[in-house]
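Report on the structure
Here is what each chain is made of, one letter per residue.
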Amino acid sequence: EAEVAQSPRYKITEKSQAVAFWCDPISGHATLYWYRQILGQGPELLVQFQDESVVDDSQLPKDRFSAERLKGVDSTLKIQPAELGDSAMYLCASSLEGHMNTEAFFGQGTRLTVV
Amino acid sequence: AQSVAQPEDQVNVAEGNPLTVKCTYSVSGNPYLFWYVQYPNRGLQFLLKYITGDNLVKGSYGFEAEFNKSQTSFHLKKPSALVSDSALYFCAVVEGDDKIIFGKGTRLHILP
């Protein structure tokens, strides 16, 4: 069964350091999402791609976060510099055509701890 | 702005009993409603969705949800709970801009 792949699964970094997460969506899925899930809360959308284009990054803290999906396939989310408040689970998801038309498939996530 | 509320942080149910996980929503237009489940150390898994049509939606693992427009609710139900249903459940709503908003989640404990 096809899955959304994310790496690393766990990451511990010191504050002010740079950190990057990688996501490989299900083959053929045009829409890719990055979510942040703080413990005890639901996922919050950080950025949504349609192919290689950003559709929504209104909740992405652009002073320190960046995301790219250069060839419209895999994607990288970067934080520089990391802050203590960035500790969370970062989830990647993909879908054929967005949430309204098709279900989204989620990866296992990357758990980030900033110390 | 759209929003979704899950009023219970945790629900405890004895195995074999029916279960209900509550969800209410607020949107300005027609809602697209979803339930996702999250098992420990796993990503979210899609359970079911309501877009239009029959108010009772059937999904994976024997779950169903009832859309109630007058009460703006979309409660998740299962007639007979299994211990393996223990997980974190998220209700979500999507509006016209395709932005999905998740509730804070409800932890379901099924007691053997």
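Summary of the structure given here. (Residues numbered from 1 in each chain as written. Chains lettered and ligands numbered in written order. Predicted model: local features only at pLDDT ≥ 70, side-chain atom pairs only at ≥ 80, totals over all residues. Heavy atoms only, no water.)

Describing the packing of aromatic side chains
- Enumeration over the complete set of coordinates arrives at 15 aromatic pairs over all chains.
- Through successive ring pairs, a cluster of aromatic residues spans Tyr33(A), Tyr35(A), Phe106(A), Phe34(B), Tyr36(B), Phe46(B), Phe90(B) and Phe102(B). (Phe/Tyr/Trp six-rings, centres within 6.5 Å; stacked < 30°, edge-to-face > 60°.)

Quick look at the pairing of strand 9 (residues 73–78) of chain B
Residue and element names in this part refer to chain B.
- Counting buried positions along strand 9 yields 5 of 6 residues, so the element is predominantly enclosed.
- Examined bridge by bridge, strand 3 (residues 19–21) and strand 9 share 3 bridges and lie antiparallel to one another. Across the sheet, residue valine 21 finds its bridge partner in strand 9, namely leucine 76.
- As paired strands, strand 8 (residues 64–68) and strand 9 are joined by 5 bridges and run antiparallel to one another. Across the sheet, the residue bridging to phenylalanine 67 is phenylalanine 74, located in strand 9.
- In textbook terms, the turn of a hairpin is the stretch between consecutive antiparallel strands, and for strand 8 and strand 9 this stretch comprises 4 residues, one of which, threonine 72, has a positive phi near 45°. (Buried < 20%, exposed > 50% of the residue type's maximum accessible area, 1.4 Å probe, protein only. Helix = DSSP H or I, 4+ residues; strand = E, 2+ residues; numbered from the N terminus. Pairing = 2+ DSSP bridges.)

Brief notes about the pairing of strand 8 of chain B
- Here strand 7 (residues 56–58) of chain B pairs with strand 8 of chain B via 3 bridges, running antiparallel. Counterpart to Lys58(B) in the pairing with strand 8 of chain B is Glu64(B).

So, the pattern of salt bridges
Residue and element names in this part refer to chain B.
- This structure, assessed with the given rule, holds 7 salt bridges over all chains.
- For the salt bridge of aspartate 9 with lysine 104, the shortest nitrogen-to-oxygen distance reads 2.3 Å. Taken together, the positions of aspartate 9 in the loop between strand 1 (3–5) and strand 2 (10–14) and lysine 104 in the loop between strand 11 (100–102) and strand 12 (106–111) put the pair 95 residues apart, joining distant regions of the chain.
- In this structure lysine 104 comes out as partly exposed when scored by relative accessible area, which is 36%.
- With a shortest N-O distance of 2.8 Å, lysine 78 and aspartate 85 are connected by a salt bridge. (Salt bridge = Lys/Arg side-chain N within 4 Å of Asp/Glu carboxyl O.)

Overview of the layout of surface pockets
- Approximately 450 Å³ is the volume found for the largest pocket.
- Among the elements of the structure, strand 1 (5–7) and strand 10 (105–106) of chain A together with strand 6 (44–50) of chain B are those that each provide at least two residues to the lining of the largest pocket.
- Looking at the lining of the largest pocket, the element that brings in the most residues is strand 6 of chain B, giving 3 residues.
- When grouped by side-chain class, the residues that make up the lining of the largest pocket number 10 nonpolar, 7 polar and 5 charged.
- Its volume calculated, the second largest pocket comes out at about 370 Å³.
- Taken together, 17 residues make up the lining of the second largest pocket; nearest its centre are Gln37(A), Leu39(A), Gln38(B), Leu88(B) and Arg107(B). (1 Å grid on protein atoms, 1.4 Å probe; cavity = no way out; pocket = protein on both sides within 12 Å on 5 of 7 lines; lining within 4 Å. Points joined across faces, edges and corners; volume = space filled by probe spheres on them. Nonpolar A, V, L, I, M, F, W, Y, C, P; charged D, E, K, R; others polar.)

A look at the nonpolar core
Residues and elements named next belong to chain B.
- Leu19, Trp35, Leu47, Leu48, Phe74, Leu76 and Tyr89 are the most contacted members of the largest nonpolar core, which has 27 residues in total.
- Looking at this core element by element, the count peaks at 4 residues for strand 10 (residues 87–94).
- Those residues in contact with leucine 19, other than ones at most four positions away along the chain, are Val13, Phe63, Leu76, Lys77, Lys78, Ala81, Asp85, Leu108 and Ile110. (Core = buried A, V, L, I, M, F, W, Y, C linked by side-chain atoms within 4.5 Å. Contact = heavy atoms within 4.5 Å.)

Brief notes about the state of the cysteines
Residues and elements named next belong to chain A.
- One pass over the structure, following the stated rule, counts 2 disulfides over all chains.
- A disulfide bridge connects cysteine 23 with cysteine 92, and the sulfur atoms are separated by 1.9 Å. Every disulfide takes its handedness from the sign of the S-S torsion; for cysteine 23 and cysteine 92 that torsion is -70°, giving left-handed. Taken together, the positions of cysteine 23 in strand 3 (residues 19–24) and cysteine 92 in strand 9 (residues 88–95) put the pair 69 residues apart, joining distant regions of the chain.
- Accessibility expressed as a relative area gives 0% for cysteine 92, which makes it buried. (Disulfide = S-S within 2.5 Å.)

A look at the interface of chain A and chain B
- Listed as interface residues are 24 residues of chain A and, on the opposing side, 21 residues of chain B.
- Carbon and sulfur atoms supply 53% of the area buried between chain A and chain B, which totals about 1,800 Å² over both sides.
- Remark: the boundary between chain A and chain B carries 0 salt bridges.
- Connecting chain A to chain B are 2 residue pairs in polar contact (both at pLDDT 80 or more).
- The leading source of residues in the side of chain A that touches chain B is strand 4 (residues 31–37) of chain A, at 3 residues. (Buried area = accessible area lost by both parts, 1.4 Å probe. Polar contact = N/O pair within 3.5 Å; in protein donor to acceptor, adjacent residues only side chain to side chain.)

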